[in-house]
Amino acid sequence: MAVVRSRIKTLKIDGQDVGAHEDETILEVARENGIMIPTLCQLDGLSLVGACRLCLVEVVGWRNLVPACTTYVEEGMEVITNSERLQKYRRMIIELLFAEGNHVCAVCVSNGNCELQWKAQKLGMDHVRFTNQNPDRRVDMTHEHFVVDANRCILCTRCVRVCDEIEGAHTWDIFGRGENSTIISDFNLPWGESPTCSSCGKCVNVCPTGALVEKGKAAGEMIKRTEFLAYLTKMREVKK
Amino acid sequence: MVKKTSQRISVASLDDLVNVAGASQEQEQQYRYHICICVAAGCISQNSDAVRDALIAEVEARGLEDEVQVKGVGCMGLCAAGPLVRVDPDGIVYQSVTVDDVPAILDSLENGPVEKLILPQDIPFFERQQKIVLENCGIIDPEAITEYIAAGGYLALHKALTEMTPSEVIDVVTRSGLRGRGGGGYPAGLKWVTVAKAESETKYVICNADEGDPGAFMDRSVLESDPHRVIEGMAIAGYAVGANKGYIYVRAEYPLAVERLELAIKQARWAGILGNGVFSTTFDFAIEVRLGAGAFVCGEETALIASIEGRRGVPRPRPPYPADYGLWGQPTLINNVETFANVAPIIRNGSDWFAEIGTEKSKGTKVFALAGQIVNTGLIEVPMGITLREIVFDIGGGLPDGRNYKAVQTGGPSGGCVPEQFLDMPVDYESLREVGSFMGSGGMIVMDDSSSMVEVARYFMEFSMTESCGKCIPCRTGTRQMYDLLSKVVAGEASQSELNLLVELGDLLQNTCLCGLGKAAPNPVVSTMQYFEDEYLERLVDDNGSADEPAGES
Ligand SMILES: Cc1cc2nc3c(=O)[nH]c(=O)nc-3n(C[C@H](O)[C@H](O)[C@H](O)COP(=O)(O)O)c2cc1C
Ligand code: SF4
Ligand code: SF4
Ligand code: FES
C-alpha cells in the first residue's frame, strides 16, 4: 500500500490534547475545544489580516509569537494561549488603542455593546498609562441612515473587508499611513455622497466599536448583529 | 560618450560575446586617453555632469576627438572628494574637479598631472577594499552593454545556460555561502532551492531595490554604475528556480537608476540576452521595472509584492513566505540588489573562490555607505570579517578635526549603536547581532562624543513612526508613544517610571508587531540604553516631577 499523507493533525493547546484538520488554524481548533483566544480583527466569514495582534500565542520551541488566527496547525505543536506574558501584551495593546482614539465610553452609543470595551474588561485593562494621541479624524453624518466617527475607529478593517468581500461594493478603505491612517469612503468623499454604498449596513454591524453606527441611537442603544455573516458564508458554501 | 545606437548588438553565442568584448576593447584602444568622470548620484549632486559637458566641449574645441575619449562612469567610492575624474591609462584620479579645472586636465595629457587636484591612490581608502559587487563601478560606462561585456559580463549567464543544470547553479550558490544582503542575511541558496522546489508553471524573480534606510545608497550606486550586473544575476536566478519573468522594484526617488536600468534592459533585449530564447537556448526571461513611491515599508517583501500587484503596500503575516505564495500567488524569489550583484562573479569564479573570502558564516564582501563624523564619506566594499576599527579609522580616515569616536550606528532604524569597546570586533552578521546591532543593508553612521545618544534613538524612532504602515496596533500606536516618551527624556521631563514604560513598550513591539519594521523599531532605543544608559538616567526627573541631583557638571 502506498504511504498516504495524514490530513489529521494532533497537537496540544494549553496542555489539552486536541485533534484537527490540516486546513484549520490554531484559533479555529482552540474555539472548537472551548479555549477562548481574544480576537479583534478576525471575524468568521471575512479574510484574515492578522492586524490586531490580540490573538498572539506561544508555540513551544518557536522563537516568535504567532497569531492564532492566521497560523495553521502542525503535528505535535504545543500551543500556549494564555501565559502571563501574553496577557500583559494583550492588555498593553488594548491600552494603546484607548490612548490612540476617543474611547470615552460614557458618551458612546455603543456603550455596553462594544467589543473593545468587553476586551478591556475581560483582559483587565483598567487604566491607561499613555498620553492620548487625539488624532485629527472626521465625524461624518452625511449618510441617510448611518454615522461614521473615525475617532472611535480602531482600524480593524472589518468594514473594509465586509464591504469588499461580502457586499462587493468596496466603499471603504484605509487612507494614509501610520498614526495618520483613517478609514475613508470611496476617494475620501462624504459617505452620503458615495456612489458605491448600497446602504446595506453590513459595515455598521461588523464594526466592533462605536465608529460605525445607526443614526438616532442614544448612548448605549446601538447593538451590532454579525449573525448575517455566518449565514451568508454558509449559504455561499452550499451554493458552491 | 558611447553612442546609444552602437549598443544595438546581437549576441547569440559565446563567440558573439567574445567578439563584442574584443570590438569594445579595440574601440577603446583607438583612443590614447580616456577621461572618466563619475556620473553617479554623489558626483552629479556636485555638478559632475557640467564638468563632463565641459570636458567634451574642450576636447572638441582642441580637435582631440580621435585621441581622447570622455566617458561617464559609475561611482568611484570616495564621494566626499567628488566630482571625481580619472585619466586612463595612467589611472590618475583628480578630486573636487570643477568646470574651471577642465583646461588644466587637458593640458595635463601633455604636461604631466595637475598636482593640486590629485587624489592619491595609495591611501587605505582604496587599498583596503576588495571589490566584487563594485568591480565595474567607476570603470565602465553604465550605459554601454558592450563595456559590460568587455569586462566579462554575461559570460556567467551563458555558462549557466549552456553548461549547467538549474540545480547545479543552485548548488554553486549554496556552497558559496552567499547570504541575502537586504538585511536579514538569509542564505541565498536555501531560498533558491525552496522556490525551485515549489510546484508551479509560473514563478517570478523580484529584485528588491527599494533601499529605504536613511543615508543608504549602496543599491543605488550599483544600479547607477553597473545595471547589467543585476540583470545578469536575476536571469541566472530565473534559470535556476524556473522563473521566466522578473521585476525590479525601485524607488521612484532614484530616477537615474531607473533610467539606466530601463536602458540596460532594452540593450539586453536587443542583444538577445533577455526575452525569448536567451542566448538562443530554450530559456525565456523578461524583466520589468516597477516604481515604488518611497514608503520604507514597501521594502518588506510582502508589502513590496502587494505594491507590485497594485494594492496598498502593507505587509501580511508570513508564512506563507513568498517562496511558496508570492507575486499573484505564485512562488517568488525575492532578493536584494547586492545579493543579485554577487551571483555572476560566483558562477564565473566558482563557489570556492567566494567562500574563501569573509568569515566562517558570512562569506564574501559587503558594501557599506560611510556617513556621519568621518573623513572619507562614501561607498566602500570590504571583505566580511574586517574590523570596525579598520573601516572607521583606516578606510574611513577616522573622525574629522581630532574628534573622539563614540559609536557607529549600523542597520539604520532596525539597528543599533556599536560603542568603542567593540571596535576590534569582526564585522559580520552574527557578531553585529551579538552586540545588539544589525548588518542591515549597509549604512554606517559614525558619531563623535558630542552626539546625544538619546537624540539618536529618538531620530530613528521618529523615522519608524512616520514610516509605519499603520496596519498593526503595537507598531502604529507604540512607535508614537515611544517617540513621545523619548522626546520627554530629551527635554529632561521624563521620570523613572516613564523610562520603565519605554522599556516595556520596546519589549511589546519587538514581540508582537506584524513585520520587521515594528519588531525592529525599538532596537536603536534598546541598544543605546544598553551602552549609554547614563545619558538616559542623567536627564530624568524624579517621579514627583523635580530634577534629580545633576550628574556631574554637564
Ligand atoms: C521594514 C522593512 C524594510 C525592508 N527594506 C528592504 C529594502 O529596502 N531592500 C531590501 O533588499 N530588503 C529590504 N527588506 C528585507 C526584505 O523584506 C527581504 O528580506 C529582502 O529583500 C530579501 O532579500 P535578500 O535575502 O537578498 O536580503 C526590508 C524588510 C523590512 C521588514
Ligand atoms: S470603522 Fe469599525 S469596522 Fe471599520 S476599521 Fe474602524 S473599527 Fe473597524
Ligand atoms: S509592524 Fe508596523 S509597518 Fe509592519 S505591519 Fe505592523 S504597522 Fe505595518
Ligand atoms: S485576531 Fe488574530 S491578529 Fe487580530
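Residues numbered from 1 in each chain as written. Chains lettered and ligands numbered in written order. Predicted model: local features only at pLDDT ≥ 70, side-chain atom pairs only at ≥ 80, totals over all residues. Heavy atoms only, no water.

1. Structural notes on the overall build of chain B
For clarity, the cut-off: Secondary structure elements are taken from DSSP: a helix is a run of H or I of four residues or more, a strand is a run of E of two residues or more, and numbering for both begins at the N terminus. Here the radius of gyration uses the C-alpha set of atoms, whereas the globule reference equals 2.2 Å times the residue count to the power 0.38. Throughout this description, buried means an accessible area under 20% of the type-specific maximum (1.4 Å probe, protein chains only), exposed means over 50%, and partly exposed covers the range between. Only the protein chains shown count as covering a residue, and every accessible area follows the Shrake-Rupley method with a 1.4 Å probe. Positive charge is attributed to Lys and Arg, negative charge to Asp and Glu, and no charge count is given to His or to the chain ends. A charged residue contributes its charge at one atom only: NZ of Lys, CZ of Arg, CG of Asp or CD of Glu.
When helices and strands are tallied, chain B shows 23 helices and 13 strands. A compact globule built from 554 residues would reach a C-alpha radius of gyration of about 24 Å, and chain B, at 25 Å, matches this within 12%. Each principal axis of the C-alpha atoms in chain B carries an extent, and together these give about 80 × 65 × 40 Å. Put simply, chain B has 554 residues, and 60% of those count as buried. Carbon and sulfur atoms form 48% of the exposed surface of chain B, whose accessible area is close to 20,500 Å². Chain B carries 45 positive and 77 negative side-chain charges, and their two centres are separated by 6 Å.

2. Let's talk about the overall build of chain A
Put simply, the test is: Contact between two residues is taken to exist if any of their heavy atoms lie within 4.5 Å; hydrogens are not considered.
Helices and strands together make up the secondary structure of chain A, namely 6 helices and 10 strands. Here the C-alpha radius of gyration of chain A, 19 Å, is about what a compact globule of 240 residues would show, namely 18 Å. Restricting the contact set of chain A to residue pairs at least 6 apart, pairs at least 24 apart contribute 60%. Working note: accessible area of chain A is about 11,900 Å², and carbon and sulfur atoms make up 52% of it.

3. Concerning the pattern of salt bridges
As a reminder, the rule being used: Salt-bridge detection follows one rule: a side-chain nitrogen of Lys or Arg within 4 Å of a carboxyl oxygen of Asp or Glu.
Counting across every chain of the model gives 45 salt bridges over all chains. Between B:Glu504 and A:Lys88 there is a salt bridge, and its shortest N-O distance comes to 4.0 Å. Of this pair, B:Glu504 sits in helix 20 (residues 496–512) while A:Lys88 is found in helix 2 (residues 84–100), placing the two residues in two different chains. Sharing partners across several salt bridges, the network here consists of A:Lys88, A:Glu95, A:Arg129 and B:Glu504.

4. Considering the nonpolar core
Where a protein is soluble and globular, its nonpolar side chains tend to be buried together. We count it as follows: Among the buried residues, those of types Ala, Val, Leu, Ile, Met, Phe, Trp, Tyr and Cys that are joined through side-chain atoms within 4.5 Å form a nonpolar core.
Of all hydrophobic cores here, the largest spans 122 residues; its most connected members are B:Tyr154 and B:Trp192. Those residues within four positions of B:Trp192 in sequence are excluded, and the remaining contacts are B:Val169, B:Ile170, B:Val173, B:Ala237, B:Ala240, B:Val241, B:Leu333, B:Asn335, B:Phe340 and B:Val343. Listed in part, the 68 residues of the second largest apolar core include A:Ile93, A:Leu116, B:Leu499 and B:Leu540.

5. Quick word on the site of ligand 1
Residue and element names in this part refer to chain B. Here is the rule: Proximity is defined per residue: any heavy atom of the residue falling within 4 Å of a molecule or strand makes that residue near it. Pairs of N or O atoms are called polar contacts if they sit within 3.5 Å, as long as, within protein, a hydrogen donor faces a hydrogen acceptor (for residues adjacent in sequence, only side-chain-to-side-chain pairs).
Around ligand 1 lies a shell of 18 residues, among which Gly182, Asn208, Asn335, Asn336 and Thr339 are the nearest. Interatomic distance of 3.3 Å between a backbone N/O atom of Gly299 and a nitrogen atom of ligand 1. For ligand 1, an oxygen atom lies 2.7 Å from a polar atom in the side chain of Thr339. In isolation ligand 1 exposes 610 Å². Once the protein is present, 87% of that is buried. Every element with two or more residues in the shell around ligand 1 is listed here: strand 8 (332–336) and helix 21 (516–520). Sort the elements by how many residues they give to the shell around ligand 1 and strand 8 lands first, with 3 residues.

6. What about a nonpolar patch on the surface?
In plain terms, the rule: Residues qualify for a patch when their relative accessible area is over 30% and they have no salt bridge, like charges being joined within 9 Å and the nonpolar side chains of Val, Leu, Ile, Met, Phe, Trp and Tyr within 5 Å.
On the surface, B:Leu14, B:Val18 and B:Leu155 cluster together into a nonpolar patch covering about 230 Å² of accessible area. Residue position: B:Val18 is located in helix 1 (residues 14–29).

7. Section: the site of ligand 2
We apply this condition: Gly counts as polar in this scheme, as do all residues outside two lists: the nonpolar Ala, Val, Leu, Ile, Met, Phe, Trp, Tyr, Cys and Pro, and the charged Asp, Glu, Lys and Arg.
Around ligand 2, the surrounding shell holds 13 residues, and the nearest of these are A:Cys153, A:Cys156, A:Thr157, A:Cys159 and A:Cys207. For the shell around ligand 2, the per-class residue count stands at 10 nonpolar, 2 polar and 1 charged.

8. Let's talk about helix 10 (residues 218–225) of chain B
For helix 10 of chain B, the buried fraction is high: 7 of the 8 residues fall into the buried class. Of the positions making up helix 10 of chain B, those classed as buried are B:Met218, B:Asp219, B:Ser221, B:Val222, B:Leu223, B:Glu224 and B:Ser225.

9. Regarding the interface of chain B and chain A
As a reminder of what qualifies: Note on terms: buried area is the combined drop in 1.4 Å-probe accessible area of two parts once they are placed together, counting the loss on both.
Facing 28 residues of chain B, the contacting portion of chain A comprises 30 residues. Taken together, both faces of the contact between chain B and chain A bury some 2,600 Å²; the carbon and sulfur share is 55%. When the buried surface of chain B facing chain A is broken down by residue, B:Ile473, B:Arg476 and B:Gln481 rank first, second and third, together holding 23% of it. Across the contact surface, chain B and chain A share 5 salt bridges. Between the two partners, chain B and chain A, sit 18 residue pairs in polar contact (both at pLDDT 80 or more). Sorting the residues of the side of chain B that touches chain A by element identifies helix 18 (453–467), helix 19 (473–490) and helix 20 of chain B as the ones contributing at least two each. Take the side of chain B that touches chain A: its biggest share by element is 8 residues, from helix 19 of chain B. The class makeup of the residues in the side of chain B that touches chain A is 12 nonpolar, 8 polar and 8 charged.

10. Re the confidence of the model for chain B
All names here are of chain B. Formally: Per-residue confidence from the predictor is reported as pLDDT, a score between 0 and 100.
Averaged over every residue, the pLDDT of chain B is 93; the share at 70 or more is 97%. For the stretch residues 549–554, pLDDT sits under 50, and the model shows 1 contact to residues farther than four places along the chain or on other chains. The complex model carries a pTM of 0.94, and its ipTM stands at 0.95.

11. Observations concerning the sheet that holds strand 10 (residues 212–214) of chain A
Residues and elements named next belong to chain A. So the rule is basically this: Here, a strand pair is defined by DSSP locating no fewer than two bridges between the strands.
The 3 strands lie next to each other as 6-7-10, forming an open sheet whose pairing is antiparallel. Both edges of this open sheet fall to strand 6 (139–140) and strand 10, since each of them pairs with a single strand only. Examined bridge by bridge, strand 7 (residues 146–149) and strand 10 share 3 bridges and lie antiparallel to one another. By the bridge assignment, Val147 is partnered in strand 10 with Val213.

12. Regarding the pairing of strand 9 (residues 182–185) of chain A
Residue and element names in this part refer to chain A. On strand 9, burial covers both faces: Thr182 and Ile184 on one face and Ile183 and Ser185 on the other are all buried. As paired elements, strand 8 (residues 172–175) and strand 9 share 4 bridges and run antiparallel to each other. Considered in strand 9, the bridge of Ile174 is made with Ile183. Between strand 8 and the antiparallel strand that follows it, strand 9, lie 6 residues; Gly176 among them carries a positive phi value of about 80°.

13. Points about the packing of aromatic side chains
How we decide: Pairing of aromatic rings covers Phe, Tyr and the six-membered ring of Trp, with a centre-to-centre limit of 6.5 Å; geometry is then stacked below 30 degrees between planes, edge-to-face above 60, and tilted otherwise. Lysine and arginine charges are scored as sitting over a ring when NZ or CZ, respectively, is within 6 Å of the ring centre and within 35 degrees of the ring normal.
Enumeration according to the criterion identifies 14 aromatic pairs over all chains in this entry. Between B:Tyr204 and B:Trp328, the ring centres sit 5.9 Å apart and the planes meet at 65°, which makes this aromatic pair edge-to-face. Highlighted residues: B:Tyr204 in strand 5 (residues 204–209) and B:Trp328 in the loop between helix 13 (301–308) and strand 8, separated in sequence by 124 residues. A residue is classified by how much of its surface remains accessible, and B:Trp328, at 42% relative accessible area, is partly exposed. Plain terms: the ring middles of B:Tyr247 and B:Trp328 are 6.1 Å apart, the flat faces sit at 65° to each other, and that makes the pair edge-to-face. Within this pair, whereas B:Tyr247 is found in strand 6 (residues 245–251), its partner B:Trp328 is found in the loop between helix 13 and strand 8, the two being separated by 81 residues in sequence. Through a chain of ring-to-ring contacts, three or more aromatic side chains come together here, namely A:Phe146, A:Trp172 and A:Trp191. Residue placement shows B:Arg251 over the ring face of B:Tyr254; its charged tip is 5.8 Å from the ring centre.

14. Describing the environment of A:Glu193
With respect to the helices, strands and loops of the structure, A:Glu193 is situated in the loop between strand 9 and helix 5 (202–206). In this structure A:Glu193 comes out as exposed when scored by relative accessible area, which is 53%.

15. A closer look at the side chain of A:Gln117
Structurally, the position occupied by A:Gln117 is in helix 3 (residues 115–123). If we skip the residues at most four places from it in the chain, A:Gln117 touches A:Cys105, A:Ser110, A:Asn111 and A:Gly112.

16. Re the domain arrangement of chain B
Quick note on the threshold: Domain borders in the structure are assigned automatically or taken from a domain database.
Once the domains are mapped, chain B shows domain 1 (27–73 + 85–118), domain 2 (145–355), domain 3 (365–448) and domain 4 (453–537). Averaged C-alpha coordinates put domain 1 of chain B and domain 3 of chain B at centres separated by 33 Å.

17. A closer look at the environment of A:Asp17
Residue and element names in this part refer to chain A. Within the secondary structure, Asp17 is located in strand 2 (residues 16–21). Separated by 16 residues in the primary sequence, Asp17 and Asn33 place their C-alpha atoms 9.6 Å from one another. Among all residues touching Asp17, those that are not within four sequence positions of it are Leu11 and Lys12.

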